[in-house]
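Structural features, examined
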Amino acid sequence: MANFIGEMLAKYTEAMELDQLPNPACYLRMKRIKQLYKELYKTENIEKFRSIIIPIERNIAAC
């Protein structure tokens, strides 16, 4: 069975475009950043971090 799967992968590698898949490390890093933003923007955290977030967002918008 393993031999068959290996042969199929070798035969269809180009068709599956395995080299075009995204880098898993970058995907996991972006997923973690999104998770942190969701936590940051929860209702109970918005007031707590408002004094920090607004100046940062203004500085970014000014660029």
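Higher on the page you've got the structure.
Rules used in this analysis
- Chains are numbered independently. Their residues run from 1 in the order of the written sequence.
- For this predicted model, a pLDDT threshold of at least 70 governs which residues receive local features, and a threshold of 80 or more governs which side-chain atom pairs are given and counted, while totals over whole chains, interfaces and linings are taken from all residues.
- Heavy atoms throughout the structure, all of them, feed into the side-chain values; hydrogens and water do not.
- Secondary structure follows DSSP: runs of H or I at least 4 residues long count as helices, runs of E at least 2 residues long count as strands, and numbering of each begins at the N terminus.
- Note on exposure labels: buried denotes an accessible area under 20% of the residue type's maximum, exposed denotes more than 50%, and partly exposed covers the range between, all computed with a 1.4 Å probe on protein chains only.
- For accessible areas, the Shrake-Rupley method is used with a probe of radius 1.4 Å. Any residue's cover is judged against the shown protein chains and nothing else.
- In this analysis the local bend is the angle between axes fitted, respectively, to the seven residues ending at and the seven residues starting at the residue.
- In this scheme, patches are assembled from residues that exceed 30% relative accessible area and form no salt bridge. Like charges are connected within 9 Å, while nonpolar side chains (Val, Leu, Ile, Met, Phe, Trp, Tyr) are connected within 5 Å.
- A pairing counts as a salt bridge when a side-chain nitrogen of Lys or Arg comes within 4 Å of a carboxyl oxygen of Asp or Glu.

Within the protein, the secondary structure is distributed over three helices and zero strands. Ordering the α and β elements of the protein from the N terminus gives α-α-α. Put simply, the protein has 63 residues, and 3% of those count as buried. When the accessible surface of the protein is totalled, it reaches about 6,200 Å², and 62% of it is carbon and sulfur.

For the rest of this paragraph, the subject is helix 1 (residues 2-16). Of all the bends in helix 1, the greatest, near 40°, is centred on Ala10. Backbone geometry just after helix 1 places Glu17 at a positive phi near 50°.

Together, Met1, Phe4, Ile5, Leu9, Tyr12, Met16, Leu18 and Leu21 make up an exposed nonpolar region whose accessible area comes to about 840 Å². Mapping Tyr12 onto the fold places it in helix 1.

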